[in-house]
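Listed below, chain by chain, are the residues.
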Amino acid sequence: MSRSLKALIGPSILNSDLSKLFEESQKLMDNGADYLHLDVMDGHFVPNLTFGHPIVKCLRNHIKDAFFETHMMVSRPEQWIAPMADAGVNQYTFHIEPVTNVEEICRKIKEHGMKAGVAIKPGTPVEEVEEYISVADMVLIMTVEPGFGGQKFMEDQMAKVQYLRKHYPLLNIEVDGGVGPSTIDCCANAGANMIVSGTAVTGSKDQMATIKLLRDTVQTAIDKVKNTE
Ligand SMILES: O=C(CO)[C@H](O)[C@H](O)COP(=O)(O)O
Ligand SMILES: [Fe+2]
(Lines give C-alpha, C1' and ligand atoms only; values in the text may rest on other atoms or scores of the structure.)
(Ligands and ions follow the chains in the order given, each with its own letter.)
Protein backbone atom coordinates (compact mmCIF):
# COMPACT_ATOMS: atom_id res chain seq x y z
CA MET A 1 0.00 0.00 0.00
CA SER A 2 1.39 3.43 -0.87
CA ARG A 3 1.76 6.04 1.80
CA SER A 4 0.15 9.39 1.14
CA LEU A 5 0.49 12.88 2.50
CA LYS A 6 -2.10 14.31 4.83
CA ALA A 7 -2.96 17.91 5.65
CA LEU A 8 -2.55 18.47 9.38
CA ILE A 9 -3.26 21.65 11.31
CA GLY A 10 -1.36 22.32 14.53
CA PRO A 11 -2.37 25.54 16.22
CA SER A 12 0.18 27.34 18.38
CA ILE A 13 -1.03 28.62 21.74
CA LEU A 14 1.87 31.10 21.94
CA ASN A 15 -0.26 34.23 21.64
CA SER A 16 -3.25 32.96 23.59
CA ASP A 17 -4.04 33.57 27.27
CA LEU A 18 -1.44 31.27 28.83
CA SER A 19 -3.08 31.53 32.25
CA LYS A 20 -5.75 29.35 30.63
CA LEU A 21 -3.40 26.99 28.85
CA PHE A 22 -5.56 23.91 29.38
CA GLU A 23 -8.84 25.58 28.39
CA GLU A 24 -7.29 27.22 25.31
CA SER A 25 -5.65 23.96 24.24
CA GLN A 26 -8.78 21.86 24.78
CA LYS A 27 -10.82 24.40 22.84
CA LEU A 28 -8.43 24.10 19.89
CA MET A 29 -8.71 20.31 19.93
CA ASP A 30 -12.50 20.51 20.19
CA ASN A 31 -12.49 22.86 17.22
CA GLY A 32 -10.74 20.34 15.02
CA ALA A 33 -6.99 20.80 15.53
CA ASP A 34 -4.99 17.75 14.44
CA TYR A 35 -2.21 18.41 16.92
CA LEU A 36 -0.94 21.06 19.33
CA HIS A 37 2.24 23.00 18.58
CA LEU A 38 3.88 24.03 21.85
CA ASP A 39 6.53 26.76 21.52
CA VAL A 40 9.38 26.28 23.98
CA MET A 41 11.87 29.18 24.19
CA ASP A 42 14.95 29.43 26.38
CA GLY A 43 15.77 33.17 26.21
CA HIS A 44 19.12 32.24 24.64
CA PHE A 45 18.54 30.70 21.21
CA VAL A 46 15.73 33.24 20.84
CA PRO A 47 15.20 36.51 22.74
CA ASN A 48 12.07 35.32 24.52
CA LEU A 49 10.96 32.89 27.22
CA THR A 50 7.90 30.72 27.32
CA PHE A 51 7.58 27.47 29.24
CA GLY A 52 9.29 24.11 29.65
CA HIS A 53 8.59 20.48 30.42
CA PRO A 54 6.92 21.03 33.84
CA ILE A 55 4.10 22.98 32.17
CA VAL A 56 3.87 20.54 29.26
CA LYS A 57 3.55 17.68 31.77
CA CYS A 58 0.72 19.47 33.59
CA LEU A 59 -1.04 20.04 30.27
CA ARG A 60 -0.62 16.37 29.36
CA ASN A 61 -2.26 15.38 32.68
CA HIS A 62 -5.39 17.21 31.52
CA ILE A 63 -5.30 16.39 27.81
CA LYS A 64 -4.63 12.70 27.41
CA ASP A 65 -5.12 12.02 23.75
CA ALA A 66 -3.85 15.00 21.71
CA PHE A 67 -0.64 14.78 19.69
CA PHE A 68 1.84 17.23 21.26
CA GLU A 69 4.64 18.72 19.19
CA THR A 70 7.17 20.83 21.06
CA HIS A 71 8.97 23.40 18.93
CA MET A 72 12.26 23.64 20.80
CA MET A 73 13.73 27.10 20.27
CA VAL A 74 16.60 26.31 22.60
CA SER A 75 20.40 26.32 22.43
CA ARG A 76 20.82 22.86 23.95
CA PRO A 77 18.07 20.65 22.52
CA GLU A 78 19.74 17.48 23.78
CA GLN A 79 19.21 18.55 27.38
CA TRP A 80 15.42 18.48 27.21
CA ILE A 81 14.79 15.20 25.35
CA ALA A 82 14.29 12.97 28.40
CA PRO A 83 12.18 15.49 30.39
CA MET A 84 9.96 16.19 27.37
CA ALA A 85 9.49 12.48 26.71
CA ASP A 86 8.55 12.06 30.35
CA ALA A 87 6.10 14.96 29.97
CA GLY A 88 4.26 13.02 27.27
CA VAL A 89 5.49 14.82 24.15
CA ASN A 90 4.89 12.98 20.85
CA GLN A 91 7.15 14.98 18.55
CA TYR A 92 10.30 16.85 19.48
CA THR A 93 11.18 19.46 16.85
CA PHE A 94 14.50 21.25 17.32
CA HIS A 95 16.62 23.77 15.44
CA ILE A 96 19.74 22.50 13.77
CA GLU A 97 21.55 25.88 13.94
CA PRO A 98 23.03 25.65 17.46
CA VAL A 99 24.15 22.01 17.29
CA THR A 100 26.69 19.87 15.46
CA ASN A 101 25.32 16.39 16.29
CA VAL A 102 21.91 16.48 14.60
CA GLU A 103 21.88 12.75 13.74
CA GLU A 104 22.71 11.77 17.30
CA ILE A 105 19.98 14.05 18.67
CA CYS A 106 17.41 12.56 16.27
CA ARG A 107 18.45 9.07 17.32
CA LYS A 108 18.12 9.96 21.00
CA ILE A 109 14.67 11.52 20.43
CA LYS A 110 13.49 8.30 18.78
CA GLU A 111 15.03 6.16 21.52
CA HIS A 112 12.82 8.13 23.89
CA GLY A 113 9.74 7.17 21.88
CA MET A 114 9.16 10.52 20.15
CA LYS A 115 9.18 11.59 16.53
CA ALA A 116 12.03 13.87 15.51
CA GLY A 117 11.50 17.15 13.69
CA VAL A 118 14.35 19.30 12.35
CA ALA A 119 13.81 23.04 11.99
CA ILE A 120 15.58 25.89 10.22
CA LYS A 121 15.40 29.65 10.67
CA PRO A 122 14.75 31.89 7.65
CA GLY A 123 18.46 32.62 7.16
CA THR A 124 19.52 28.96 7.03
CA PRO A 125 19.82 27.41 3.55
CA VAL A 126 17.57 24.44 2.86
CA GLU A 127 20.58 22.28 1.92
CA GLU A 128 21.70 22.39 5.54
CA VAL A 129 18.59 20.57 6.69
CA GLU A 130 18.34 18.34 3.61
CA GLU A 131 21.18 16.14 4.81
CA TYR A 132 19.14 15.08 7.85
CA ILE A 133 15.94 14.07 6.06
CA SER A 134 16.80 10.38 6.26
CA VAL A 135 17.06 10.52 10.07
CA ALA A 136 14.16 12.89 10.79
CA ASP A 137 10.37 12.46 10.63
CA MET A 138 9.61 16.04 9.61
CA VAL A 139 11.23 19.27 8.44
CA LEU A 140 10.06 22.65 9.76
CA ILE A 141 10.65 25.67 7.54
CA MET A 142 10.23 28.79 9.68
CA THR A 143 8.34 31.58 7.95
CA VAL A 144 9.24 34.19 10.59
CA GLU A 145 12.32 34.73 12.73
CA PRO A 146 11.63 32.45 15.70
CA GLY A 147 10.86 34.08 19.03
CA PHE A 148 7.51 35.79 18.79
CA GLY A 149 3.99 35.15 17.59
CA GLY A 150 2.05 37.55 15.40
CA GLN A 151 4.82 38.39 12.93
CA LYS A 152 4.52 38.84 9.19
CA PHE A 153 4.73 35.74 6.98
CA MET A 154 7.95 35.57 4.93
CA GLU A 155 6.86 34.46 1.48
CA ASP A 156 10.45 34.09 0.26
CA GLN A 157 10.76 30.96 2.42
CA MET A 158 8.38 29.14 0.08
CA ALA A 159 11.28 28.42 -2.28
CA LYS A 160 12.63 26.05 0.39
CA VAL A 161 9.27 24.30 0.72
CA GLN A 162 8.99 23.96 -3.07
CA TYR A 163 12.49 22.52 -3.30
CA LEU A 164 11.82 19.95 -0.58
CA ARG A 165 8.43 18.92 -1.97
CA LYS A 166 9.89 18.50 -5.46
CA HIS A 167 12.62 16.17 -4.24
CA TYR A 168 10.78 14.45 -1.35
CA PRO A 169 7.12 13.91 -2.37
CA LEU A 170 6.17 12.14 0.86
CA LEU A 171 8.14 14.20 3.37
CA ASN A 172 6.21 15.87 6.17
CA ILE A 173 6.97 19.57 5.68
CA GLU A 174 5.77 22.02 8.31
CA VAL A 175 5.57 25.81 8.07
CA ASP A 176 5.37 28.06 11.11
CA GLY A 177 4.99 31.81 11.50
CA GLY A 178 2.42 34.23 10.16
CA VAL A 179 0.34 31.46 8.61
CA GLY A 180 -3.41 32.00 8.37
CA PRO A 181 -6.25 32.35 5.87
CA SER A 182 -4.43 35.08 3.91
CA THR A 183 -1.18 33.11 3.51
CA ILE A 184 -2.34 29.50 3.42
CA ASP A 185 -2.66 29.35 -0.40
CA CYS A 186 1.00 30.16 -0.69
CA CYS A 187 1.97 27.39 1.77
CA ALA A 188 -0.37 24.83 0.24
CA ASN A 189 0.76 25.50 -3.32
CA ALA A 190 4.42 25.34 -2.31
CA GLY A 191 3.81 21.87 -0.84
CA ALA A 192 3.61 22.24 2.94
CA ASN A 193 1.32 19.68 4.58
CA MET A 194 1.76 20.44 8.29
CA ILE A 195 0.53 23.89 9.16
CA VAL A 196 1.24 25.76 12.37
CA SER A 197 -1.00 28.73 12.90
CA GLY A 198 -1.04 30.81 16.06
CA THR A 199 -2.60 34.25 16.07
CA ALA A 200 -4.81 33.59 13.03
CA VAL A 201 -6.48 30.65 14.79
CA THR A 202 -6.47 31.65 18.46
CA GLY A 203 -7.58 35.18 17.59
CA SER A 204 -10.29 34.05 15.22
CA LYS A 205 -13.97 34.50 16.08
CA ASP A 206 -14.71 31.09 14.59
CA GLN A 207 -11.79 28.78 15.34
CA MET A 208 -13.50 25.75 13.87
CA ALA A 209 -14.12 27.45 10.52
CA THR A 210 -10.58 28.80 10.39
CA ILE A 211 -9.00 25.42 11.14
CA LYS A 212 -11.25 23.79 8.52
CA LEU A 213 -10.37 26.41 5.92
CA LEU A 214 -6.65 25.86 6.50
CA ARG A 215 -6.99 22.06 6.32
CA ASP A 216 -9.24 22.05 3.26
CA THR A 217 -6.93 24.39 1.36
CA VAL A 218 -3.91 22.20 2.05
CA GLN A 219 -5.70 18.90 1.39
CA THR A 220 -7.06 20.23 -1.93
CA ALA A 221 -3.53 21.12 -3.03
CA ILE A 222 -2.27 17.66 -2.03
CA ASP A 223 -5.12 15.92 -3.88
CA LYS A 224 -4.52 18.02 -6.98
CA VAL A 225 -0.90 16.87 -7.18
CA LYS A 226 -1.96 13.25 -6.54
CA ASN A 227 -4.47 13.37 -9.39
CA THR A 228 -1.95 14.63 -11.90
CA GLU A 229 0.56 11.87 -11.09
O1 LIG B 1 7.43 29.40 16.61
C2 LIG B 1 6.76 30.39 16.67
C3 LIG B 1 7.40 31.70 16.86
O4 LIG B 1 8.74 31.56 17.01
C5 LIG B 1 5.25 30.27 16.63
O6 LIG B 1 4.89 28.92 16.50
C7 LIG B 1 4.62 31.05 15.52
O8 LIG B 1 5.05 32.34 15.47
C9 LIG B 1 3.10 30.94 15.57
O10 LIG B 1 2.47 32.12 15.78
P11 LIG B 1 1.88 33.05 14.62
O12 LIG B 1 1.01 32.18 13.74
O13 LIG B 1 1.12 34.06 15.38
O14 LIG B 1 3.04 33.59 13.85
FE1 LIG C 1 6.59 27.45 16.61
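Being a predicted model, the structure only gives us computed values, none of them experimental.

*Asks:* How do you make sense of the UniProt feature "binding site: a divalent metal cation" (unreviewed entry) in the protein chain when you look at a structure like this?
*Replies:* Under the present numbering, the feature "binding site: a divalent metal cation" (unreviewed entry) in UniProt falls on H37, D39, H71 and D176. The greatest C-alpha distance among the annotated residues, which extend across 140 residues, is 10.6 Å, indicating that they converge on a single site. Inspection of the secondary structure assignment puts H37 in strand 2 (residues 36-41). Other than its neighbours up to four places away in sequence, H37 contacts G10, P11, S12, I13, E69, H71, E174, D176 and V196. When you line up the elements, D176 lands in strand 7 (residues 173-176). Under the relative-accessibility criterion, D176 is labelled buried at 8%. Contact partners of D176, with chain neighbours within four places excluded, come to H37, D39, H71, L140, I141, M142, T143, V144 and V196. At 3.1 Å, the side chain of D176 and the side chain of H37 are in polar contact.

*Asks:* Help me understand the site of ligand 1 in this model?
*Replies:* Near ligand 1 there are 20 residues, and of these G147, G150, D176, G198 and T199 occur at the shortest range. Within the contact set of ligand 1, an oxygen atom lies 2.8 Å away from a backbone nitrogen or oxygen of G147. Between an oxygen atom of ligand 1 and a main-chain N or O atom of G178, the distance comes to 2.9 Å. For ligand 1, whose free accessible area comes to 360 Å², the fraction covered by protein is 99%. Where the shell around ligand 1 is concerned, the elements lending two or more residues are strand 2, strand 3 (68-73) and strand 8 (194-197). Ranked by residues supplied to the shell around ligand 1, first place goes to strand 2 with 3 residues. Of the residues in the shell around ligand 1, the class split is 7 nonpolar, 11 polar and 2 charged.

Reading guide: rules and limits
- Residues numbered from 1 in each chain as written.
- Chains lettered and ligands numbered in written order.
- Predicted model: local features only at pLDDT ≥ 70, side-chain atom pairs only at ≥ 80, totals over all residues.
- Heavy atoms only, no water.
- UniProt positions renumbered as here; feature names shortened; annotations may be inferred.
- Helix = DSSP H or I, 4+ residues; strand = E, 2+ residues; numbered from the N terminus.
- Contact = heavy atoms within 4.5 Å.
- Buried < 20%, exposed > 50% of the residue type's maximum accessible area, 1.4 Å probe, protein only.
- Polar contact = N/O pair within 3.5 Å; in protein donor to acceptor, adjacent residues only side chain to side chain.
- Near = heavy atom within 4 Å.
- Areas by Shrake-Rupley, 256 points an atom, 1.4 Å probe, with all protein chains shown as cover.
- Nonpolar A, V, L, I, M, F, W, Y, C, P; charged D, E, K, R; others polar.

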